[in-house]
Amino acid sequence: MSEPVRLWCLRHAESANVVGGVAGIVPLAPLTRHGRAQAVSAGVTLAAEPITRVYVSSALRARQTGELLVGNTEVVAMPLLAEVGIGSAEGSTDPAIRRLTADVLHAWVVDGDLDQRVVDGETGHAVVARMTKALDELAAAHPGGTVAVVGHVASLTVALAVLCGLGSQVWGRPLPHAEPFLVTGQDGVWHCPTWRC
């Protein structure tokens, strides 16, 4: 039996795509000025934690959040932590696409219907599978250790709702920007003692 890993997870800080209502992965969207301040504040929250590495999705906003988070700690890009892919709707500012995205996330989290997808994007099964792979890789690489993970609201929500057995109780309590919460894992079993700080 391996030692449990401690993951301080957080949604990236406020970014231009969120402010602009742009849907999808949007890999090049930077943090806003307010987002930079949020990331620094999250770093203060985590200052006493023995974080040895920061893992981020390959999105610019996640990398910028990670770089501001924990001093000189190494920041490592992990593409598996990406936001939910929405296929041909990527980059849309259409309110109907944002509503559809919310409806699909609701179906995944509340109804347990992981077959749904936004247009031709990822199914919930695909998102949970890649996020599970990411977290399992972190657990294997850091047994007994503590790392930070900067991800995205939808992919973190559906993955942890499934992996931690949180189910629909996470609905209506969306992850705020740059507020760390603890997830622990050992031998493929995951726990999320606090959904929001």
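Residues numbered from 1 in each chain as written. Predicted model: local features only at pLDDT ≥ 70, side-chain atom pairs only at ≥ 80, totals over all residues. Heavy atoms only, no water.

1. A few points about the nonpolar core
Among soluble globular proteins, nonpolar side chains are generally buried collectively.
Right, on to step 1. Counting 41 residues, the largest nonpolar core has Leu-7 and Val-183 as the members making the most contacts within it.
Right, on to step 2. The set of elements that each furnish at least two residues to this core consists of strand S1 (5-11), helix H4 (95-109), helix H5 (124-141), strand S4 (146-151), helix H6 (153-163) and strand S5 (181-186).
Right, on to step 3. For this core, the element with the most residues is H5, which contributes seven residues.
Right, on to step 4. Leu-7 has contacts with Leu-135, Leu-138, Val-147, Val-149, Phe-181, Leu-182, Val-183 and Trp-190, leaving out every residue within four places of it along the chain.
Right, on to step 5. One finds Ala-13, Ala-39, Val-70 and Val-150 within the second-largest nonpolar core, a separate group that totals 17 residues. (Core = buried A, V, L, I, M, F, W, Y, C linked by side-chain atoms within 4.5 Å. Buried < 20%, exposed > 50% of the residue type's maximum accessible area, 1.4 Å probe, protein only. Helix = DSSP H or I, 4+ residues; strand = E, 2+ residues; numbered from the N terminus. Contact = heavy atoms within 4.5 Å.)

2. Digging into the packing of H5 against H6
If you want to describe how two helices pack, look at the angle between their axes and the distance between the axes.
Right, on to step 1. The contact between H5 and H6 brings their axes to 9 Å, and the two run at 80°. Relative to H6, the element H5 lies roughly perpendicular. Contact with H5, carried on its side by Val-127, Val-128, Arg-130, Met-131, Thr-132 and Leu-135, involves Ser-155, Leu-156, Val-158, Ala-159, Leu-160, Val-162 and Leu-163 of H6 and no other residues of that element.
Right, on to step 2. Grouping the constituent residues of the contact of H5 with H6 by class yields 10 nonpolar, two polar and one charged. (Axes fitted to C-alpha atoms, helices over the stretch in contact; angles between N-to-C directions. Parallel < 35°, antiparallel > 145°, perpendicular 65-115°, else oblique. Nonpolar A, V, L, I, M, F, W, Y, C, P; charged D, E, K, R; others polar.)

3. Quick look at the pattern of salt bridges
Right, on to step 1. Going through the model one piece at a time under the given rule, you end up with four salt bridges.
Right, on to step 2. The shortest N-O distance in the salt bridge between Glu-49 and Arg-6 comes to 3.0 Å. With Glu-49 in the loop between helix H2 (33-45) and strand S2 (54-56) and Arg-6 in strand S1, this residue pair connects regions lying 43 residues apart in the sequence.
Right, on to step 3. Assessed through its relative accessible area of 24%, Glu-49 is described here as partly exposed.
Right, on to step 4. Here Glu-122 makes a salt bridge to Arg-130, at a shortest N to O gap of 2.8 Å. (Salt bridge = Lys/Arg side-chain N within 4 Å of Asp/Glu carboxyl O.)

4. What about the environment of Asp-103?
Right, on to step 1. If you trace the backbone, Asp-103 turns up in helix H4.
Right, on to step 2. Each C-alpha atom, one on Asp-103 and one on Gln-116, is 9.3 Å from the other, the two residues being 13 residues apart in sequence.

5. Digging into the sheet that holds S1
Right, on to step 1. If you walk across this open sheet you meet the six strands as S3-S2-S4-S1-S5-S6, and the pairing is mixed. At either end of the open sheet lies a strand with only one pairing partner, and these are strand S3 (75-77) and strand S6 (189-191). The mean inter-strand angle of the sheet, taken between neighbouring strand axes irrespective of direction, is 25°.
Right, on to step 2. Pairing of S5 with S6 involves three bridges; the strand directions are antiparallel. (Pairing = 2+ DSSP bridges.)

6. Here's the deal with unusual backbone geometry
It is generally the case that most residues other than glycine have a negative phi and that most peptide bonds are trans.
Right, on to step 1. Of note in this structure, Val-26 is not a glycine but carries a positive phi near 40°.
Right, on to step 2. In this structure, Val-26 sits in the loop between helix H1 (16-19) and H2.
Right, on to step 3. Phi angles above zero are rare outside glycine, and Asp-187 is one such case at about 55°.
Right, on to step 4. Considering the arrangement of structural elements, one finds Asp-187 in the loop between S5 and S6.

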